[in-house]
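# Structural characterization, general
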Amino acid sequence: MSNPLLLRGSRAAAALIGRRRAGGTDGLPGVRPAVQRRFIIDTSYSTHFMDFKGSSIPSSMKKLVVTKLSQDFREAVTVRTVPVPTPGDAELLVRNRFVGINASDINYSAGRYDPSVKPPFGAGFEGIGEVVGLGLSASSRYTVGDTVAYFGSGGAFAEYTVIPAKEGVPVPCVKPEFLTLLVSGATAYIALKRLGDLAKGETVLVTAAAGGTGQFAVQFAKRAGCHVIGTCSSDEKAGFLKSIGCDRPINYSTEDLAKTLRKEYPKGVDVVYESVGGSVLELAVNSLANKGRLIVIGFISGYQTASGIAPFKGGTLPVKLLQKSASMRGFFLPHFIGDYKEALSSMMQMFAKGELVCEVDCGDMAEEGRFVGVESIFRAVDYMYAGRNLGKVVVEVAPPTADKSKL
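All values reported here derive from a predicted model rather than from experimental measurement.

## Points about the pattern of salt bridges
Between side chains of opposite charge, pairing is possible as soon as their charged atoms come close. A full pass over the atoms with the stated rule returns 15 salt bridges. One salt bridge in this structure joins E75 and K68, with 3.3 Å as the shortest N-O distance. A relative accessible area of 42% places K68 in the partly exposed class. A salt bridge links E355 to R223; the nearest nitrogen and oxygen atoms lie 3.8 Å apart. Taken together, the residues span a long stretch of sequence, with E355 in the loop between helix 10 (340-352) and strand 19 (360-361) and R223 in helix 5 (residues 214-223) at a distance of 132 residues. Salt bridges sharing partners connect three or more residues here, namely R248, E255 and E264.

This is how it looks when you write it as structure tokens:
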């Protein structure tokens, strides 16, 4: 290994021998003090990082690896047993406790984000857990036992993940609710702030409002003093939306969405936070008010198709936007990283004060039960794409094994 690892706070630090004065002749002329000596202690990974509070780090682990580019997640991804990675100088080794599921996991496994990346490569964007190993430089900010969340470019779907220390987000405890903020919450916060231009009294439509990011769009729009409409697929989800401030939940399985919008909002809606695509996007365009703003944060209805794009009749789109002086803008979180730190800090404060609901769905109501273990990620992805989730879908990679007082 090229970089030694340091366990901050360890009593096994290098011993420093003070100056010896020959024959007790301290300060006598002509007598040169002995040269300082330092004993070097082996701080290699194998010696110092195989045990964390009584829970051994194994030599191997399970990890989801994209072995074939495909929009079919089960076809694209394979469970592999691989060596537990060793962190480099400025890196952390995180034992994942929870990982977050995103609609874009399928786009990533299909190779749609970066065509230059070829299989095999790791899957999964976000996780949270304990630091169980770290490099020398990383030890200036972290220590073994710290709890950290992270959002990166693949590799979270594993029992252990190495991340750059600078990309870690210190959190007070390992709660899955923190995962909801990293991608889902940040997307809603930044998109509405930068592209929504929300004003008090405006009407905001949030599609898939009871999902991972929709729940935040509802709350942030409400905090801005807007009237909020949210689409959902069940009465249970409609009840949840009311509980977080949604003024008009619309259960599209029992109500005609287009007719409801035309009847109750004849002047249209000022802002649309849209993540479904296809016919829902078409309806959103037609429902815009004068000077309306439509924010496209995704089009999940098309992700499982070969093209990845839901059919959209956009031939008259320029005319419709022109007639209403309306706008349609896309939002991709990596393009707004400059806003990320402020967004995350603000959301963390809101959550700590009890001002922000971070709903998590760990699959407790799923047919085969709670999502536990790396293998259950496949079920979690299917569950989300079936539209069964209420809130952010999260998988418990491993139950707590140490220091339960922090959980």
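## Description of helix 8 (residues 279-286)
Buried within helix 8 are the following residues: L281, E282, L283, A284 and V285. Buried residues along helix 8 sit in contact with helix 7 (257-264), strand 16 (269-274), strand 17 (288-296), helix 9 (317-324) and strand 18 (327-330).

## What to know about the side chain of R248
Tracing the sequence through the fold places R248 in strand 15 (residues 248-251). In this structure the side chain of R248 is engaged in a polar contact, spanning 2.8 Å, whose partner is the side chain of E255. Only 2.8 Å separates the side chain of R248 from the side chain of E264, close enough to count as a polar contact. Setting aside anything within four residues of it in sequence, one finds R248 in contact with H227, V228, I229, G230, E255, T260, E264 and Y265.

## Quick look at the nonpolar core
For soluble globular proteins, nonpolar side chains are generally found buried alongside one another. Counting residues in each nonpolar core, the largest one holds 55 residues, and the members touching the most others are F220, L241, F331 and M347. For this core, the secondary structure elements donating two or more residues are helix 4 (179-196), strand 13 (203-206), helix 5, strand 14 (227-232), helix 6 (235-243), strand 16 and helix 10. Setting aside residues no more than four positions away along its own chain, L241 makes contact with A209, A210, V218, G230, T231, C232, C246 and P249. If you look at the next biggest cluster of nonpolar residues, it comprises 27 residues, including V77, A123, F125 and F371.

## Thoughts on the packing of aromatic side chains
Throughout the structure, instances matching the rule amount to eleven aromatic pairs. Seen from their ring centres, F151 and Y340 are 5.9 Å apart, and the 40° between their planes marks the pair as tilted. Taken together, the residues span a long stretch of sequence, with F151 in strand 10 (residues 147-151) and Y340 in helix 10 at a distance of 189 residues. Exposure remark for F151: the relative accessible area of 21% places this residue in the partly exposed category. Exposure remark for Y340: the relative accessible area of 12% places this residue in the buried category. By the ring-pair criterion, three or more aromatic residues cluster together here, those being Y108, F121 and F125.

## Side note on the sheet that holds strand 14
Spatially, the six strands line up as an open sheet ordered 15-14-13-16-17-18, and their pairing is parallel. A single partner strand is all that each edge strand has here, and the edge strands are strand 15 and strand 18. For this sheet, the mean inter-axis angle between neighbouring strands, taken without regard to orientation, is 15°. Here four bridges tie strand 13 to strand 14, and the two strands are oriented parallel to one another. Of the residues in strand 14, the one forming a bridge with V204 is V228. The sheet contacts of helix 7 involve strand 13, strand 14 and strand 15, and relative to strand 15 the element is tilted by about 150°. Those strands touched by helix 9 are strand 17 and strand 18, and its axis lies near 130° from that of strand 17.

Rules behind the numbers
Residues numbered from 1 in each chain as written. Predicted model: local features only at pLDDT ≥ 70, side-chain atom pairs only at ≥ 80, totals over all residues. Heavy atoms only, no water. Salt bridge = Lys/Arg side-chain N within 4 Å of Asp/Glu carboxyl O. Buried < 20%, exposed > 50% of the residue type's maximum accessible area, 1.4 Å probe, protein only. Helix = DSSP H or I, 4+ residues; strand = E, 2+ residues; numbered from the N terminus. Contact = heavy atoms within 4.5 Å. Polar contact = N/O pair within 3.5 Å; in protein donor to acceptor, adjacent residues only side chain to side chain. Core = buried A, V, L, I, M, F, W, Y, C linked by side-chain atoms within 4.5 Å. Phe/Tyr/Trp six-rings, centres within 6.5 Å; stacked < 30°, edge-to-face > 60°. Pairing = 2+ DSSP bridges. Axes fitted to C-alpha atoms, helices over the stretch in contact; angles between N-to-C directions.

It is worth stressing that arrangement in space is one thing and function is another; only the former is reported here.
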